[in-house]
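Given next are the chains, with one letter for each unit.
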Amino acid sequence: QLVQSGGGLVQAGGSLRLACEVSGGTFNNYAMGWFRQAPGKERELVGRISRGGSIRSFADLVKGRFTISRDNARSVVYLQMDSLKPEDTATYYCAAALTFSTFNNGYWGQGTQVIVSS
């Protein structure tokens, strides 16, 4: 089970941190990803982190602004979002998968809304 927290309304240029707590499995076995879906658009990958945390990758749109970290002792993954822009407005989802390359067969959080006002 993946339970998300954080999100909300923030002004452009501000910051938010999302958290995703994983239960019911061995957290260290899973690569973790963050995705988002804006109204009328397809879901897109924001970034992902490997099981040990040593490998991270990000979508070009968020590089340099968003970071991902994980606390394997607490089974939590974080998405730190800085310098937010109105176009970052979306519902954000965390996901867990046994492979770093795809989350299609993974587990998903419930989603949390992020609204960035201009």
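Our subject is the structure that appears above.
Below: a short report on this structure. Because the structure is a prediction, the values reported are computed rather than measured.

## Brief notes about the pairing of strand β8 (residues 76–81)
Thought 1: For β8, the tally of buried residues reaches five of six residues, placing the bulk of the element in the interior.
Thought 2: Where strand β7 (residues 66–71) meets β8, six bridges bridge the pair, whose relative direction is antiparallel. Counted as the bridge partner of F66 is M81 from β8.

## A closer look at the pattern of salt bridges
Thought 1: Counted according to the given criterion, the structure contains five salt bridges.
Thought 2: A salt bridge links R36 to E44; the shortest N-O distance between them is 2.6 Å.
Thought 3: The salt bridge partner of K63 is D60, with a shortest N-O separation of 3.1 Å. Each member of the pair, K63 as well as D60, carries the same accessibility label: exposed.

Calculation criteria
- Residues numbered from 1 in each chain as written.
- Predicted model: local features only at pLDDT ≥ 70, side-chain atom pairs only at ≥ 80, totals over all residues.
- Heavy atoms only, no water.
- Buried < 20%, exposed > 50% of the residue type's maximum accessible area, 1.4 Å probe, protein only.
- Helix = DSSP H or I, 4+ residues; strand = E, 2+ residues; numbered from the N terminus.
- Pairing = 2+ DSSP bridges.
- Salt bridge = Lys/Arg side-chain N within 4 Å of Asp/Glu carboxyl O.

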